[in-house]
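# Coordinate inspection notes
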Amino acid sequence: DQDDIVMIGLLEEVLEIFLHFRRNLEDNLGVKINMQKSSLLVLDARARQYPSDSLHDCLGLPEDLRQLKIIQDGAVFAGVPIGHESYVDAELTKIVQNFADKAKKVTKVQNGVLFLQMVRYCLNAQLMHLLRTVDPCVMIRHARAFDQNILDLVSDYFDLGISTCLNIDLSRDLSDKQKAVVVAHHQLRLPV
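Residues numbered from 1 in each chain as written. Predicted model: local features only at pLDDT ≥ 70, side-chain atom pairs only at ≥ 80, totals over all residues. Heavy atoms only, no water.

### What about the packing of helix 5 (residues 112–123) against helix 7 (residues 136–158)?
At their nearest, the axes of helix 5 and helix 7 sit 11 Å apart, and the two run at 170° to each other. As far as their axial angle goes, helix 7 and helix 5 are roughly antiparallel. In this structure, helix 5 contributes Gly112, Phe115, Leu116, Val119 and Leu123 to the contact, and helix 7 contributes Phe146, Ile150, Leu153, Val154, Tyr157 and Phe158. Tallied by class, residues from the contact of helix 5 with helix 7 come to 10 nonpolar, 1 polar and no charged. (Axes fitted to C-alpha atoms, helices over the stretch in contact; angles between N-to-C directions. Helix = DSSP H or I, 4+ residues; strand = E, 2+ residues; numbered from the N terminus. Parallel < 35°, antiparallel > 145°, perpendicular 65-115°, else oblique. Contact = heavy atoms within 4.5 Å. Nonpolar A, V, L, I, M, F, W, Y, C, P; charged D, E, K, R; others polar.)

### Details of the pairing of strand 4 (residues 80–83)
Pairing geometry for strand 3 (residues 74–77) and strand 4, over 4 bridges, is antiparallel. Considered in strand 4, the bridge of Val76 is made with Pro81. Counting the residues that bridge the hairpin from strand 3 to strand 4 gives 2 residues, and of these Ala78 lies at a positive phi of roughly 50°. (Pairing = 2+ DSSP bridges.)

### A closer look at the packing of aromatic side chains
Across all of its chains, the model carries 4 aromatic pairs by this definition. Each ring, one from Phe115 and one from Phe158, has its centre 5.9 Å from the other, and the planes form 75°; the classification is edge-to-face. Of this pair, Phe115 sits in helix 5 while Phe158 sits in helix 7, and the two are 43 residues apart along the sequence. For Phe115, a relative accessible area of 0% corresponds to the buried category. A network of ring pairs unites the aromatic residues Phe115, Tyr157 and Phe158 as a single cluster. (Phe/Tyr/Trp six-rings, centres within 6.5 Å; stacked < 30°, edge-to-face > 60°. Buried < 20%, exposed > 50% of the residue type's maximum accessible area, 1.4 Å probe, protein only.)

The following block contains the structure:
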């Protein structure tokens, strides 16, 4: 059941492909695209200084495509925000905050080992996709906030009172709480 389609390319080429695609859907399957729910992402509209009230005219859109909503700041594709840096930054802030809210549900797990495995293999993996696809200069602040959320989650779960800065002398005998802190840092791949 596919209801989202993304076409990326030069406007002239994408419009031609879209019109052909729409015609085929209507002629062969009797399916009509709801133009009210469709949009056109034009990231260079600011650079070209198109007047926003006549953007449809400036782009040379055919009459039947003039009801398309035009997006100029950015959009999220496959979970990755793309567009102007301010848009990407705002979306990443939302993603990290939503993650922090969802991650709190993991604290309901009663088994500490299972909790750490869920943090390591499930929660940490949620950021990997963004780390591979978003500009590191934009992503670094959000990655640090994500790491702090993970550390706070583990610290709260085990009632450890730890932070990203670990001041434990590993050459001495460690208390059980200090051992737990070191293990948590190791499990989360944080520096000890």
